[in-house]
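Working through the structure, step by step
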Amino acid sequence: MLDIIYIVLGLTLLVLGGNWLLKAAVALSLKLNIPKIVIGMTVVSFATSAPELIVSINAALDGFPDLALGNVVGSNIANLGLVLAITIILGSIDVRKSFYTTDWPVMMLASLLFFGFIYFDGEIQRTEGIVMVVSLFLFLVYLLRFQKTAVVDEMPEDDIPLPLYKLVLFLGLGGTALWGGSELLINGAVGLATFYGVSERIIAVTIVSVGTSIPELAASVIAVIKKEKAISLGNLLGSNIFNLLAVLGITAIITPIKVVDQGLLSSDVFWMLGISFLILPLVFIPKGLRLGWRDGIVLLLLYAGFVYITIK
């Protein structure tokens with residue numbers, strides 16, 4: 001029971017911490033007069049990936065590498081199989097051209113790069129982590145130079161300049177909440193895994209990954225209710241790219257990540273690659289550049305199948 005309380009408290013702190021950090025990050029960039037386009041691509045993306053990043057670094061440093069890996073792989077599956085599915089069941093979205101020229105190809109390349117690094121030796125080493133972070137940096141430079149239209153300021157009404165004391169307060173609160181939340185979440189997840197006699201990977205790819213995808217899910221549902229398709233397919237694909245290249249890359253630079261539970265290599269990574277690939281035909285069939293409720297049901301059924309196979 002205590003483990004479940006830890007997990008719920010940890011997830012709550014992660015959501016709050018991510019939100020505070022995002023507010024502070026946007027306000028800081030406004031104070032420093034950084035262009036919106038740069039904010040959208042770097043500050044906002046990093047802030048919304050902060051829960052995954054802190055949980056993964058903490059888990060790897062605490063000696064639970066499967067929590068770090070399972071969290072990212074599970075989050076990428078949840079972003080498409082759960083978050084995107086619920087969003088398009090509630091209301092169809094039109095897909096931008098940048099989907100097939102930039103977002104989807106880069107997500108597949110990032111997924112295949114991760115697969116190549118982890119599949120053959122079961123480890124992401126420091127040098128591989130550096131390659132992942134450098135790849136992300138090059139992708140951001142490309143986006144800022146050539147693909148400015150691919151980046152949309154999601155919530156312009158949130159761009160409020162904050163007084164300095166509030167900015168510092170939000171930064172401090174956000175950082176503390178993320179760190180405390182990740183500690184509680186890891187303790188709860190490890191405790192739950194031990195209690196039920198399952199591996200940390202299983203808890204990570206189901207409970208922890210959905211938890212760290214809650215900010216994306218909340219934003220998606222709010223966007224649909226407000227009749228703004230604020231969270232676009234590009235954002236979720238961008239989140240997946242960040243999870244793989246930034247979260248795992250930075251974690252691996254700090255401490256190499258080894259696979260403990262082989263289920264990650266025999267099942268989870270293939271689910272991630274499969275669902276990531278499937279988005280391409282779904283976008284074009286039956287109507288070009290559009291995702292509707294039927295596509296959402298397909299993705300949701302796939303996600304349910306993944307969770308069932310993982311926990312049975």
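As shown above, the structure is provided for reference.
Just so it is clear, the structure is predicted and the values come from calculations on it, not from any experiment.

Some points on the overall build of the protein
- Helix and strand counts for the protein stand at twelve helices and four strands.
- Counting all 312 residues of the protein, 52% fall into the buried class.
- Taking as baseline every contact in the protein between residues at least 6 positions apart, the subset at least 24 positions apart corresponds to 86%.
- For the protein, the exposed surface amounts to about 13700 Å²; the carbon and sulfur share of it is 71%.

Looking at the environment of Ala59
- Mapped onto the elements, Ala59 comes out in helix H3 (residues 50-61).
- When the C-alpha positions of Ala59 and Asn187 are compared, they lie 9.4 Å apart, and in sequence the two are 128 residues distant.
- In this structure, Ala59 is in contact with Phe64, Pro65, Leu67, Ala68 and Ile186, ignoring residues within four places of it in sequence.

Describing the packing of aromatic side chains
- In this structure the tally under the stated criterion is nine aromatic pairs.
- Each ring, one from Tyr119 and one from Phe270, has its centre 5.8 Å from the other, and the planes form 80°; the classification is edge-to-face. With a gap of 151 residues between them, Tyr119 in helix H5 (residues 98-119) and Phe270 in helix H11 (residues 263-284) connect regions that are remote in the sequence.
- Taken together, the aromatic side chains of Phe115, Tyr119, Phe120 and Phe270 make up a single cluster linked through ring pairs.

Some remarks on the pattern of salt bridges
- Applying the stated criterion to the full structure yields four salt bridges.
- Here Glu123 and Lys258 are joined by a salt bridge, their closest N and O atoms 3.5 Å apart. A residue pair is termed long-range when its members are at least 10 positions apart, and Glu123 in strand S2 (residues 123-124) and Lys258 in strand S3 (residues 257-258) qualify at 135 residues.
- Its relative accessible area of 15% is what places Glu123 among the buried residues.
- Residue Lys258 is classed as partly exposed on the basis of its relative accessible area, which comes to 49%.
- Of the charged contacts in the structure, one is a salt bridge between Asp268 and Arg201, with a shortest N-O distance of 2.6 Å. Placement of Asp268 in helix H11 and of Arg201 in helix H8 (residues 200-212) is noted, with a sequence separation of 67 residues between them. With respect to burial, Asp268 and Arg201 carry one shared label: buried.
- Each of Arg201, Asp261 and Asp268 takes part in salt bridges that share partners, so that together they form one network.

Quick look at helix H10 (residues 233-254)
- Over its 22 residues, H10 extends 31 Å from the first C-alpha to the last, a length consistent with the 32 Å expected when each residue adds 1.5 Å.
- Bending of H10 peaks at approximately 30° at the position of Asn243.
- Burial analysis of H10 places 16 of its 22 residues in the buried class, the great majority of the element.

Let's talk about the nonpolar core
- Counting residues in hydrophobic clusters, the biggest one holds 59 residues, and the most contacted among them are Leu69, Leu84, Phe114, Leu233, Leu248, Ile279 and Leu291.
- Elements with a minimum of two residues in this core: H3, helix H4 (65-90), H5, helix H6 (126-146), H10, H11 and helix H12 (293-311).
- For Leu233, the contacting residues outside a window of four places in its chain are Leu84, Ile93, Val95, Phe99, Ile279, Val283 and Leu291.
- Membership of the second largest hydrophobic core comes to 21 residues, among which are Ile7, Ala50, Ile186 and Val190.

Here we look at a nonpolar patch on the surface
- Judged by side-chain polarity, Ile130, Val134, Phe137, Leu138, Val141 and Ile253 come together as a nonpolar surface patch covering roughly 520 Å² of accessible area.
- Looking at which element gives the most residues to the nonpolar patch, the answer is H6, with five residues.
- Note on placement: Val134 falls in helix H6.

Focus on the environment of Val168
- Its location among the elements puts Val168 in helix H7 (residues 164-196).
- Val168 gets classed as exposed once you look at its relative accessible area, which sits at 51%.
- Here the alpha-carbon distance between Val168 and Ala24, two residues 144 residues apart in the chain, equals 7.5 Å.

Examining H6
- Between its terminal C-alpha atoms H6 stretches 30 Å, which fits the 30 Å expected from 21 residues at 1.5 Å a residue.
- Listing the buried residues of H6 in full gives Glu128, Gly129, Met132, Leu136, Phe139, Leu140 and Leu143. The buried side chains of H6 occupy one side of the element, clustering within an arc of 125° when seen end-on. Exposed and oriented more than 90 degrees from the buried face of H6 are Thr127, Phe137, Leu138, Arg145 and Phe146.

Parameters and conventions
- Each chain has its residues counted from 1, running along the sequence as written.
- In keeping with the model being predicted, local features are shown solely for residues with a pLDDT of at least 70 and side-chain atom pairs are shown and tallied solely at 80 or more, while totals for entire chains, interfaces and linings include all residues.
- For side-chain calculations, the full set of non-hydrogen atoms in the structure is used, while hydrogens and water are omitted.
- Strands here are runs of E lasting at least two residues and helices are runs of H or I lasting at least four, both read from the DSSP assignment and numbered beginning at the N terminus.
- Exposure categories follow from relative accessible area, calculated using a 1.4 Å probe and restricted to protein chains: below 20% of the type maximum is buried, above 50% is exposed, and the middle band is partly exposed.
- When checking whether two residues touch, look at their non-hydrogen atoms; a contact exists if any pair is within 4.5 Å.
- Each accessible area is a Shrake-Rupley estimate made with a 1.4 Å probe; only the visible protein chains count as cover when residues are assessed.
- Here the aromatic set is Phe, Tyr and Trp, taking the six-membered ring for Trp, and pairing holds for ring centres within 6.5 Å; pairs whose planes are under 30 degrees apart are stacked, those over 60 apart are edge-to-face, and all others are tilted.
- Any Lys or Arg side-chain nitrogen located within 4 Å of an Asp or Glu carboxyl oxygen qualifies as a salt bridge.
- Expected helix span is taken as 1.5 Å per residue step, with the number of steps being one fewer than the number of residues.
- Here the bend at a residue means the angle between the axes of two seven-residue stretches, the one that ends at it and the one that starts at it.
- In this description, a nonpolar core means a group of buried Ala, Val, Leu, Ile, Met, Phe, Trp, Tyr and Cys residues linked to one another through side-chain atoms lying within 4.5 Å.
- In this scheme, patches are assembled from residues that exceed 30% relative accessible area and form no salt bridge. Like charges are connected within 9 Å, while nonpolar side chains (Val, Leu, Ile, Met, Phe, Trp, Tyr) are connected within 5 Å.
- The arc refers to the directions leading from the helix axis to the C-beta atoms.

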